[in-house]
Amino acid sequence: MTTAQPGGYTALVRQLHERGLLDPTWRAVWEAVPRERFIPGRAWRQDADRCVPLVSYAERIALIHSDEPVVIQLDDGVDGGPGVATSSNSQPSMVARSLGLLQVDNEARVLEIGTASEHVAALLSERLGAERVFSIEVDPALAAHAGNALAAAGYRPHLRCGDGGAGWPEAAPFDGVIATCALRHVPRAYVDQVRPGGSIVAPLDREFWSGVLVQLTVHRDGTASGRFHGGASYMPMRSHRAAAGAPVDSSTVRARRTDLAGSAILRLGFALYAGTRLPGVRLWHADGPAGVQVWAQHPDGSAATAVDGDVWEYGPRALWAEIERTYGEFVPLGSPDADRFGLTVSAEGEHLWWLRGPGNVIAPIRDVQESA
C-alpha cells in the first residue's frame, strides 16, 4: 500500500524541486495546479501483477501525493475486460523531467499528445496560457472528462478527440511537442509541425525490454536529433501498440547452457544497443527463485528463454545466440550507458539510432548482412 507523505502535494512538489526536476518557474506552476483535481472518481493503483481499485479516500490521497502513477482507465474503458491499465496520470517525476526537457519559454505554443487525466495540459496552461496549449486524446470518455476538469479549474486549452499520430497540422507550427503516451517511433508529422529550434519530447516503447525518454531538436534541414534521458515506462499510443507475433512452436525446442546471465542484459544501455541491432526482438523478464528469467521473442516465431545458465530456443532462429553475439559486441564498446545513445529522424522519416554522435549510426544486423 502507498504511504502518504507528510505535507501532501506541497511536499511532493518540494521533493521534485530538491531532486533538480523543477526549476523555480516550474515549481510555482506545479504548486498552483494540484494533482488531485484531475484524477477521475474511479482510479486504481498499479501493482506488479494487477490494478487495485482505490476504495478509500485515504488510499486515493496517499497515491495522488506520492511519486507514482495513478491508473485512470482499464481495458480502453470497456467493462468486463482483463483489467489491463490503458491510461494513467503519469508519475510526477517523469512529467517534471519531460516538461523540463521541453525547454519552453513563457510565449511557447505546445502540442501535447495524450491528454489523459489532463494534469499536464493544466500545467502547460498555467505556465504558457491556455490559448497556447493544444492537446489530443484518442478516447472519447477521457476527452470529455478532460474538457470538464480543465474548465472547472479555469483552463480552456485547445482540445481535440482523435489519434494523435498525425499531430495538429492546421495549428502548426509549434515550439514543442510532448507525448504522454509511448511511441514506437517519432511520427514524421511531429517534426514537420515543430519550428526549427523547437523540441520534441517523447517516451519511446522499445521492444527489447525497455522504454526510454528522448529529447529531439528540430533542425532547418528537416531533420530532428537528440539524446536519450533515462528509462520511461508509459502506456503505448493505441495506434502504436505492438502486434502479436507468430505462435511459438514448442516442438522445436533446443536446450543448452549459456555463460550470459539474464541480469547482465537488463541494462538500459545494452537494451538500446540490442534493440537496434536486433529489430523486432521483444524481451521481458521476471524475478524468480532461481534468479532473473528472461524471455525473448520475434514475430517470425523464434523465441528463447534463459534462467540460471539454462537456455531453451525455439523456432527458425537461434535467438539467444544472437543476443550473446550482440552482447559480445557491446562490451568492447565500453558498455556505454543510455545517455551515450541518440536518435536522428531524417528528412525522409527514417529513424537512425547512433552511439556517441549522429555520425556513428548503429545498423541492424540484417542490414549489415544484406550489404556484406
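Look above for the structure.
Calculation notes
Residues numbered from 1 in each chain as written. Predicted model: local features only at pLDDT ≥ 70, side-chain atom pairs only at ≥ 80, totals over all residues. Heavy atoms only, no water. Pairing = 2+ DSSP bridges. Helix = DSSP H or I, 4+ residues; strand = E, 2+ residues; numbered from the N terminus. Axes fitted to C-alpha atoms, helices over the stretch in contact; angles between N-to-C directions. Buried < 20%, exposed > 50% of the residue type's maximum accessible area, 1.4 Å probe, protein only. Contact = heavy atoms within 4.5 Å. Expected span 1.5 Å × (residues − 1). 1 Å grid on protein atoms, 1.4 Å probe; cavity = no way out; pocket = protein on both sides within 12 Å on 5 of 7 lines; lining within 4 Å. Points joined across faces, edges and corners; volume = space filled by probe spheres on them. Nonpolar A, V, L, I, M, F, W, Y, C, P; charged D, E, K, R; others polar. Phe/Tyr/Trp six-rings, centres within 6.5 Å; stacked < 30°, edge-to-face > 60°. Lys NZ or Arg CZ within 6 Å of the ring centre and 35° of its normal. Lys, Arg positive; Asp, Glu negative; His and termini not counted. Salt bridge = Lys/Arg side-chain N within 4 Å of Asp/Glu carboxyl O. Polar contact = N/O pair within 3.5 Å; in protein donor to acceptor, adjacent residues only side chain to side chain.

Judged by pairing direction, the sheet is antiparallel, and its five strands sit side by side in the order E12-E16-E15-E14-E13 without closing on themselves. Single-partner strands in this sheet number two, and they are strand E12 (254-257) and strand E13 (282-288). On average, each strand axis in the sheet is tilted by 15° relative to the strand beside it, whichever way the strands run. As defined by bridge partners, E13 adjoins strand E14 (residues 291-297) across seven bridges and the pair is classed as antiparallel. Within E14, the position partnered with Ala286 by the bridge is Gln293.

Attention now moves to helix H1 (residues 8-18). Buried within H1 are the following residues: Gly8, Tyr9, Ala11, Leu12, Val13 and Leu16. Close packing links the buried residues of H1 with helix H2 (24-32), helix H3 (57-64), helix H4 (92-102) and helix H5 (119-128). The first or second residue beyond H1 is Gly20, which carries a positive phi of 80°.

Moving on: unusual backbone geometry. Pro173 follows Ala172 through a cis peptide bond whose omega is 10°. Within the fold, Pro173 resides in the loop between strand E7 (158-161) and strand E8 (174-179). Not every positive phi belongs to a glycine, and Asp308 is a case in point at roughly 55°. By the secondary structure assignment, Asp308 is in the loop between strand E15 (303-307) and strand E16 (310-314). By relative accessible area, Asp308 is classed as exposed at 55%.

Turning next to the pairing of E14. The loop that links E13 with its antiparallel partner E14 comprises two residues. The antiparallel pairing of E14 with E15 creates a hairpin that spans five residues between the two strands, and Gly301 there sits at a positive phi of about 100°.

Its 12 residues give helix H9 (residues 319-330) an end-to-end C-alpha distance of 17 Å, which sits within 8% of 16 Å, the value for a rise of 1.5 Å per residue. Listed as buried for H9 are Leu319, Trp320, Ala321, Glu322, Ile323, Thr326 and Phe330.

A separate point is empty space enclosed by the protein. By the definition in use, this model includes one cavity of 30 Å³ or more. Looking at the largest cavity, its volume works out to about 40 Å³. Along its surface, the largest cavity is lined by Ser90, Val95, Ser98, Leu99, Val120, Ile178, Ala179, Thr180 and Tyr234. Broken down by secondary-structure element, the contributors of at least two residues to the lining of the largest cavity are H4 and E8. No other element matches the three residues that H4 contributes to the lining of the largest cavity. When the residues that make up the lining of the largest cavity are grouped by side-chain class, the tally is six nonpolar, three polar and no charged.

Overall, the coordinates contain nine aromatic pairs when judged by the stated rule. Consider the rings of Phe270 and Phe330, whose centres lie 5.3 Å apart with planes at 70°: the pair is edge-to-face. On the criterion of sequence distance, the pair formed by Phe270 in helix H8 (residues 268-277) and Phe330 in helix H9 is long-range, its members being 60 residues apart. With a relative accessible area of 1%, Phe330 lands in the buried category. An angle of 15° between the planes, with centres 6.2 Å apart, marks the rings of Trp284 and Trp295 as stacked. Taken together, the residues span a long stretch of sequence, with Trp284 in strand E13 and Trp295 in strand E14 at a distance of 11 residues. Every member of this aromatic cluster is reached through a ring pair, and the members are Phe208, Phe270, Tyr273, Tyr327 and Phe330. The positively charged end of Arg127 is found above the aromatic ring belonging to Trp26, 4.9 Å away from the centroid. It is Arg282 that lies over the ring of Trp284; its NZ or CZ is 4.2 Å from the centre.

This next bit is on the side chain of Glu137. On the secondary structure map, Glu137 appears in strand E6 (residues 133-137). For the buried Glu137, no salt bridge exists, and the shortest N-O distance to an oppositely charged side chain is 5.7 Å, to Arg238. A distance of 2.7 Å separates a polar atom in the side chain of Glu137 from the backbone nitrogen of Ala116. Those residues in contact with Glu137 that sit more than four places away from it in its chain are Gly114, Thr115, Ala116, Leu142, Ala143, Arg160, Cys161 and Gly162.

From the geometry alone we can't say anything about function, so treat these as descriptive.
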